[in-house]
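Okay, here's what each chain looks like letter by letter:
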Amino acid sequence: AAKSKPRPDLYKKMIDLDPTAPTEEERAAEACTKYRWMSLNDSLTNMPKHAFRIDGIAHSGGSGAVSKKELKAATTISQFADNILLYFLPPTHPKLHEDDCLDQRRQVAKQILADLKALSATVRKSPFALRHEFVGCSLLFIADLVSGMGSAHIIDFAKVTPVPKDITIDHRSPWVMNNHEDGLFVGVETAIATWEEVLSRL
């Protein structure tokens, strides 16, 4: 995000997300910096508060994907849970009776919540996590309603980097340029709260 070179591709993403967002300078150049794009994107999705957003849901039914604009509109734990219950764990499945589908949804949610709690306990005591910045990492949730199997994983480690020796991070403090905070603990806690909300509605 520290790179300052304006990029036309990020400008296009900006106007797709919010046509009123570009400054006069950005409109003239038809480009914006990565820092500017990330700040706007995060502000519209409440990312600074929750360190969590749902970037995509792919599934085997219908079009196979959910509108990113619709997902970005979710900014609360309740809204995150709404999207999961509607799209990720849909109330009906062509291969399952309605009652069986409800049981399978509960089973999947319980497994994903258990995985998230185990993951949270692991990263909190991990020396590696304490000394590394988890930039660009994501949580991947997998669900199969037919089998009742669900799981949660941290993925995308390509940009994980060691924290400079003279800097200490807590994975909780708000991110500002060059402080190396990543919100890892906050994001995992938000995910846990979201799945607890999901399970409470099933």
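Residues numbered from 1 in each chain as written. Predicted model: local features only at pLDDT ≥ 70, side-chain atom pairs only at ≥ 80, totals over all residues. Heavy atoms only, no water.

1. Side note on the pattern of salt bridges
Selection criterion: For this document, the term salt bridge refers to a Lys or Arg side-chain nitrogen within 4 Å of an Asp or Glu carboxyl oxygen. Where helices and strands are cited, they refer to DSSP runs of H or I of at least four residues and of E of at least two residues respectively, numbered from the N terminus. A simple rule labels every residue: compare its accessible area, found with a 1.4 Å probe on the protein chains alone, to the largest value its type can have, and call it buried under 20%, exposed over 50%, or partly exposed in between.
With the rule as written, the count across this model stands at 10 salt bridges. The partner of Asp82 in a salt bridge is Arg201, with the nearest N and O atoms 2.5 Å apart. Of this pair, Asp82 sits in helix α6 (residues 77-88) while Arg201 sits in the segment after α9 (184-200), and the two are 119 residues apart along the sequence. Given a relative accessible area of 34%, Arg201 falls into the partly exposed group. Arg106 is paired through a salt bridge with Asp103; the nearest N and O atoms lie 3.5 Å apart. With Arg106 and Asp103 both in helix α7 (residues 98-124) and 3 residues apart, this pair spans about one turn of that helix. In this structure Asp103 comes out as partly exposed when scored by relative accessible area, which is 42%. Linked through salt bridges whose partners overlap, the residues forming this network are Asp82, Glu197 and Arg201.

2. Here we look at the packing of aromatic side chains
Quick note on the threshold: Two rings belonging to Phe, Tyr or Trp (six-membered ring only in the last case) form a pair when the distance between their centres is within 6.5 Å. Interplanar angles under 30 degrees mark stacking, angles over 60 mark edge-to-face geometry, and anything in between is tilted. We call a charge positioned above a ring when the Lys NZ or Arg CZ atom is no farther than 6 Å from the ring centre and deviates by at most 35 degrees from the ring normal.
This structure, assessed with the given rule, holds 5 aromatic pairs. Ring geometry for Phe52 and Phe80: centres 5.1 Å apart, planes at 70°, overall edge-to-face. Placement of Phe52 in the loop between α4 (47-50) and α5 (68-72) and of Phe80 in helix α6 is noted, with a sequence separation of 28 residues between them. Each residue in the set Phe88, Phe141 and Trp195 is aromatic and connected to the rest through ring pairs, giving one cluster. We note Arg124 situated over the ring of Phe185; from NZ or CZ to the ring centre the distance is 5.3 Å.

3. Quick look at the packing of α6 against α9
Keep this limit in mind: Axes, fitted as lines to C-alpha atoms, cover a helix only where it is in contact. Angles between the N-to-C directions of the axes lie from 0 to 180 degrees. By the definition adopted for this analysis, an angle is roughly parallel if under 35 degrees, roughly antiparallel if over 145, roughly perpendicular if from 65 to 115, and oblique otherwise. Take the far helix as your reference; a near helix turned counterclockwise from it by less than a right angle gives a left-handed crossing, and one turned clockwise gives a right-handed crossing. We call two residues in contact whenever any of their non-hydrogen atoms come within 4.5 Å of each other. Only Asp, Glu, Lys and Arg are considered charged in this grouping, and only Ala, Val, Leu, Ile, Met, Phe, Trp, Tyr, Cys and Pro are considered nonpolar; every other residue, Gly among them, is considered polar.
Contact geometry for α6 and α9: axes closest at 9 Å, N-to-C directions at 60°. With respect to each other, α6 and α9 are oriented oblique. Considering only the axes of α6 and α9, their crossing is right-handed. Residues Ile77, Ser78, Phe80, Ala81, Ile84, Leu85 and Phe88 of α6 lie in contact with α9, whose contacting residues are Thr190, Ala193, Thr194, Trp195, Glu197 and Val198. Residue composition of the contact of α6 with α9, by class: 9 nonpolar, 3 polar and 1 charged.

4. A short note on a nonpolar patch on the surface
Definition in use: Patches were defined on residues exceeding 30% relative accessible area and lacking a salt bridge, with like-charge contacts within 9 Å and nonpolar side-chain contacts (Val, Leu, Ile, Met, Phe, Trp, Tyr) within 5 Å. Working definition of accessibility: Shrake-Rupley area with a 1.4 Å probe, residue cover restricted to the visible protein chains.
The grouping of Tyr35, Trp175 and Met177 at the surface amounts to a nonpolar patch, some 280 Å² of accessible area in total. By relative accessible area, Tyr35 is classed as partly exposed at 36%.

5. As for the confidence of the model for the protein
Heads up, the condition is: The predictor's confidence in any single residue is recorded as pLDDT, a number from 0 to 100.
With 93% of its residues at a pLDDT of 70 or more, the protein shows a mean pLDDT of 88. Within the protein, the element-level pLDDT minimum falls on α4, averaging 67, and the maximum on strand β3 (residues 149-155), averaging 96.

6. Quick look at the environment of Lys13
Secondary-structure assignment places Lys13 in helix α1 (residues 8-17). Taking the C-alpha atoms as reference points, Lys13 and Trp37, 24 residues apart in sequence, are found 8.0 Å from one another.

7. Section: the nonpolar core
The criterion, for reference: For this analysis, a nonpolar core means a set of buried residues of the types Ala, Val, Leu, Ile, Met, Phe, Trp, Tyr and Cys, connected via side-chain atoms within 4.5 Å.
Phe88, Leu89, Ile112, Leu116, Phe141, Trp195 and Val198 are the most contacted members of the largest nonpolar core, which totals 36 residues. Among the elements of the structure, α6, α7, β3 and α9 are those that each provide at least two residues to this core. Here this core takes 8 residues from α7, the largest share from any one element. Among residues more than four places away in sequence, those in contact with Phe88 are Ile57, Asn83, Ile112, Phe141, Ile142, Ala143 and Trp195. Counting residues in hydrophobic clusters, the runner-up holds 7 residues, among them Leu10, Ala21, Cys32 and Leu40.

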